[in-house]
Amino acid sequence: MEQLSTQLSNLTLTPSTDLTPEQQANLPSLLGLAAARIREFIKTEEPALSIIRAGEFCLSPTFGADLNLDTITLIYKTLKAGRDPVRVEYLGRCSEEALLRNIRTGNAVDLTRAIAYGSLAVYLLEKESRERGIAVSMFGRILRQLWHREQKDWQLDDAIYYFQKTVEIEPEGEANRALHFDDLAKALAKRFMRTHSDGDFEEARCAYKKALACGHDATPAFWSGLAQLLLERAKFEKPAVLESFDECIVVFKSAIESITAEFKGSVAYIYYQLGLTYTNRHHASKDEEDWKKAEESFDESMARLPPQSPNRLSISYDIGRLYSDMSERSGNLEDSKKAEKYFRTALESSPGNPTAMASLAEELRYRADCTGSFKDLEESIELIGKAVDVSSPTDTDLPFRLGRQSAAHADRFILLGNTADIDTAVSLLGKCLEAPTLKTKDRWEYQQKLSHYLLARHENSGAAEDIQNAELNINSALESEGLQPGNKATCLRVAGKIYYRKYKMDQDLKMLEAAIEKYEESIRLASETDATAYSTINDLGNALSDKFESSKSNSDLQAAGEAYSRALENLRISRSESARNNEAMLLNGIGNVQMRQFLAWSRTADLDAAISYYKKSLDATPDTNVRKATRTGTLVWALLQRWDVTKKIEDLEDAERRLGEVQVLPLHLSAKNKAYVENRMGMVDLVFFFHTQDVARLELAAGHFRNALAPGVLESADRISASNNLAKTLKHKADVTKSDTDIAAAVTQYTSLLQFMKASDPETGMVVTNIAELCSSIHEIKNTTLTGQIALSSALAAVKMEKVAPRRKIHTQMKAARLLFTLRGDAATACLLLKNAINELPGAILAGMTRGDQLRLIKDCAWLPSHAASFSIAAGDSPEESLKLFESSRSIIWDNLLNERSNMGILEDHHPELASHLKDLQTQLAKTSAKNIHADSDLESALMRQSHDQHQASIDYNALLAEIRTLPGFEDFLRVSLENSSLVHYAEAGPIIIVNSSEFRSDCFIIKREQVISVALPEMTFEACTTHGASFMVALSILESNPEEASHRFEEVLVWLWNAVAKPIMKELGYLDDKPQSEKERPRVWWMATGWITMLPIHAAGDHKRARETGELCSVLDLTISSYFNSLRSLKYVREIFKSAPGASSASNAPTSALLVNMPKTPNYSDLPHAAKEVSRVEEVLRSSHLNTRVMGKAARDEVLGEFKKSDIVHFACHGVADSNDPSLSMVVLQDWIKRPLNVRALLRLKGLKCKLVYLSACESAVGKERALREEGIHLSGGFQMAGVPHVVGTMWKIDDAFSSQVAESFYSGLKSGNGIKIEKSAESLRDVVVDARSRGVEALLWAAYIHSGP
């Protein structure tokens, strides 16, 4: 025994570093032996008070096994000394010292030592010891500290047991008895917070009352404790009862009133607790007066704190926490600033305190998230880093701090895009998960955060292992035992994001559906007011938006919009500043839904709505937030879209102003975002140039694009976008200035761009094509043999490029063909190139899902039909072959409607997967936006990839078409195939005449019953066509202001048209030699024209003054009965309809019903005073022919269409409008035209018509205003025919209201046959009406406007 004691003493006196190897080796066995002897000593001691329970603490069979040398030695010597009266007091003092050290340092060894000393002190207590209450109470406090550290329920239960024993065994008159009741009450109150047990509450309240009854100097503290107990119960009550908070306040005021000079406790703490009570009352009452009183209490609390008070740290820290919470609740950043102030005060009180540093860091991070302040975020990162550095590996808060440090670096990554930050965020969370003090119940939280950051890193780098590890971690988190619904909702959101990312990578719709499923499950589990709820609903909106891109189902887009709106509603429950920031994100998402609708259906109202939401989003974004720049870019992009539609300069000016405002903001933008903004600014300047032709704008645009190319933008797509924009800008400048320097700069930029790219890059073909266009522009400027050869060589090289979008390839083929013909006279090769272009034209045009996309490409290719025919004739092709080529290159949209093989139905039936893939690519090609339009950053970051994505989609689309055309029966899929048989069958009822004009030559194709011939028209030069076409337009424009001059100009045009065009044709047909002897012998002819000639009334060509004066047959009217058609296939279509229609040839089946639409007054239009008279006269004629006739005034669209389907004849006496931008929007103007226009689009939706004749007594009803689109024949007259009406009478320009009444009456009178109407006489009757008008001296500008279209 003595030897062991000596050995222990010697080892205790020897520093551990000086122990010999032998001593170190023997130490564990020596300690084990000492611990065993100690346990033997304890067994020999019979306790006077049985307080320590069997098997616990010093009575544990392993007691001493975890104690160090110093502790073992002290206990061994104390027990060895025998029943010394002071040993309990000594052990108690040692336990208290160890407890205080633990409180100061957090060292777990000290707490273990305190428990050992304290339990022995209690075990060795004498029954009559004066210190028995103090010793047991001290041990209870040690166990309470253990609970504070480890938060295990049994530890608090043990502490309460020893506090209960304290008041049970100590004398009634014990001086510290009041304090011991207070200890018990506090511990019970802590357990009540967990259990909400009435028993714990009542026992705690009873203990406080007993403490108060003792009359101790600490009475204010006891009142305060009781008030805190009442506050805990008040907070637990649902719904909150304000009277319970009032009771707490009364008790706190009692505490304050009881303060005396003898009170040694913290008055400041009592005022803090009073402020906390007012704060909780404010949460329940929403009464700002409560918060004001809370702040007053906090101010008083701090005023009562001496500068060196040990409570200064805890109180200032706790007040800071309350202000932080209030800031998040109210959205008032002033509260956040006050929280920062109190956290800094706490840090001043305890420099280097990790808890204070971590809380201050988190407050700064929160504010940075609200405001975008880079300064706050940087300080946050610095502070949380220091907090982690000074934290002990055994500190229970270390995992929390590592998580906060990780979040701060992730925030900076989002702000600046620095890869090192996201790497650090991932690494820190790895350390967090490995931390020994990480509680099992908290592990899921850090796993889901790690998954989130791994996903962010994957999106940045594309590393496959990151998304794999993200999935592993989130699955592990979801499998956590006891995972609460709200926590599971958070994990499911991350799981949804992982699936969503997988969808983005592979476009696998199964992944998208899985993402939507996870989001929806997360939303079901999350609380409506939880941040996860609105964030996840926003994610759901993003996923549904993408689903719409593949499904094109309006329900998916509607669901996305509803998701964003629902998220917005949930978010607005919270008034926090961070919520306001998220509100901006959601408003941006709703704007994106509206923009998608615009891109899908070209409705300007959707674009207006998108811009409105983008502006609201921008207004809700703080000026210090980097999103201010990217959201401004999104708004600017939308404004440019609207400018493209409306040409309102206000949109351009607004775009420029907003970008200018962003430039002066103190934003810390990443290199990528800087390039994005610079690219957007360059685009605005480029559009301004197109509007103003101000070369200075090109200089500005070039500067911005160069800035976008500054170092730091690493992604290839971004660099190619900016570089290509710069090259295009320099090309435009060279086009304007024609300067050798500017030409050289453009060439250099394109060359640089090409060198930057790899041969395998899909954009290479695009760049080569751009270079070809540049060389062509240079040739147009210089017009030398050398520049011509260079332009031709580059165009031919571009034609050979494989990876070129079909639309671009068509343009390049057209350019190369023109150069071949003009430079080499090689008509055959030129024609071959155009044949290839025509072969791909329908597929390229029909790739545009919106009508606007299709019409834009048709405009770009407007000269293709006429030039293809000209080159074919020049190459020596037969007239019929040339005409077939011509026919296949025009009326693409109409022919698609007629061509059942072009419909997706057959492909879907036989090859559904190919059909689905084709639809996806069509959808992608139809978009003018980026592929990924999401609630926020996805849109902005993707916009710069727009050109790349659509270009690649075009290539994929072309390849897919080629694959489909290899399938049996699909050889001509999305092509208007050339007819294999002869065209002569079209001439069974009379000659078909196609007048073709190009810049190189003009010809007329005539389909006769015997053959197809061509007639050269040498006087119909390109210059003559443009000159007389312009003169005709002037005549129309001055018709009201100077009718005499207008008539003179028009007569000149008709004479030229006769001499240059019609007369050679009439001669070729033999009509000049074989003049008709009677009306019955006058032949029918059908006309179609191209180019400028399409706007001229070739049916009215002639020298009418001479005809009237001499009777000479010198006009088309005198020699033929004329009709018009849009294409051969459309002519065949209406003929077949008329043949199969009831009543077409049988008198017994003659038309029986008519609808007359009478609109003398129309909202927002001038009156038509003769409309009623016209309808009345027509009604009289039709009723006299035994037709059931209904007159409809103030007619609405749906009402008209309902009657339309039941009528044989429909007559409109109303205004007509030819839309100059989109002819499919041309309309007859009815009562509800603003909301429900009867336009061409509406006509194409009609089914099951019986109508055989529509008479459009409306202006411009048979013409398209856009010259480049006239080859398509998209106008009201054509729309009615495509809807299934064979005969249509319309007008080519604005008509006179009074004269139109006469024409209509005479026309219907001419249709009368016996007791009925013969619709097949429509063309003849109209010709007779205008001949009669001419004979009466009516100006040609009045009667020549009327034309017949049909069989």
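Structure shown above.
Small disclaimer: the values here were computed from a predicted structure and weren't measured. (Residues numbered from 1 in each chain as written. Predicted model: local features only at pLDDT ≥ 70, side-chain atom pairs only at ≥ 80, totals over all residues. Heavy atoms only, no water.)

Trainee: For the pairing of strand β5 (residues 1121-1124), give the residues involved together with the corresponding values.
Mentor: Residues I1121 and S1123 of β5 are buried on one face, and the alternating residues S1122 and Y1124, pointing to the opposite face, are buried as well. One ladder, built from four bridges, connects strand β4 (residues 1084-1089) with β5; its direction is parallel. Residue pairing for β5: W1087 is matched across the bridge by Y1124. (Buried < 20%, exposed > 50% of the residue type's maximum accessible area, 1.4 Å probe, protein only. Helix = DSSP H or I, 4+ residues; strand = E, 2+ residues; numbered from the N terminus. Pairing = 2+ DSSP bridges.)

Trainee: Now, about helix α34 (residues 764-782): what can you tell me, with residues and values included?
Mentor: Since there are 3.6 residues in each turn of an α-helix, residues three or four apart along the chain are aligned in direction. If you check α34, its first and last C-alpha atoms are 27 Å apart, about what 19 residues at 1.5 Å a residue would give, namely 27 Å. For α34, a buried count of 16 out of 19 residues is recorded, marking the element as mostly surrounded by other parts of the structure. Positioned one or two residues after α34, N783 has a phi angle of 50 degrees, which is positive. (Expected span 1.5 Å × (residues − 1).)

Trainee: Tell me about the pattern of salt bridges, and name the residues and values.
Mentor: What the rule picks out here adds up to 82 salt bridges. Of the charged contacts in the structure, one is a salt bridge between K337 and E334, with a shortest N-O distance of 3.4 Å. In this pair, K337 and E334 both sit in helix α15 (residues 333-349), three residues apart, roughly one turn of the helix. By relative accessible area, E334 is classed as partly exposed at 44%. Residues E1305 and R1177 are paired through a salt bridge, measuring 3.4 Å at the closest nitrogen-oxygen approach. Within this pair, whereas E1305 is found in helix α55 (residues 1297-1311), its partner R1177 is found in helix α51 (residues 1171-1184), the two being separated by 128 residues in sequence. (Salt bridge = Lys/Arg side-chain N within 4 Å of Asp/Glu carboxyl O.)

Trainee: Outline the packing of aromatic side chains, supporting the account with residue identities and numerical values.
Mentor: Under the criterion given, the structure shown has 28 aromatic pairs. Arranged with centres 4.7 Å apart and planes meeting at 80 degrees, the rings of Y161 and Y162 form a pair that is edge-to-face. With respect to burial, Y161 and Y162 carry one shared label: buried. Over the aromatic face of W1086 sits the side chain of R1135, whose NZ or CZ is 4.6 Å from the ring centroid. (Phe/Tyr/Trp six-rings, centres within 6.5 Å; stacked < 30°, edge-to-face > 60°. Lys NZ or Arg CZ within 6 Å of the ring centre and 35° of its normal.)

Trainee: Tell me what's going on with the nonpolar core, and back it up with residues and numbers.
Mentor: Most often, soluble globular proteins keep nonpolar side chains buried together rather than apart. If you look at the biggest cluster of nonpolar residues, it comprises 115 residues, and the most contacted ones within it are F63, I75, F139, Y162 and F298. Per-element accounting of this core gives the leading share, nine residues, to helix α5 (residues 108-123). Look past the residues within four positions of I75 in its chain and what remains in contact with it is I38, F63, L67, A116, Y117 and L120. Of all hydrophobic cores here, the second largest spans 82 residues; its members include M1066, L1119, I1209 and V1338. (Core = buried A, V, L, I, M, F, W, Y, C linked by side-chain atoms within 4.5 Å. Contact = heavy atoms within 4.5 Å.)

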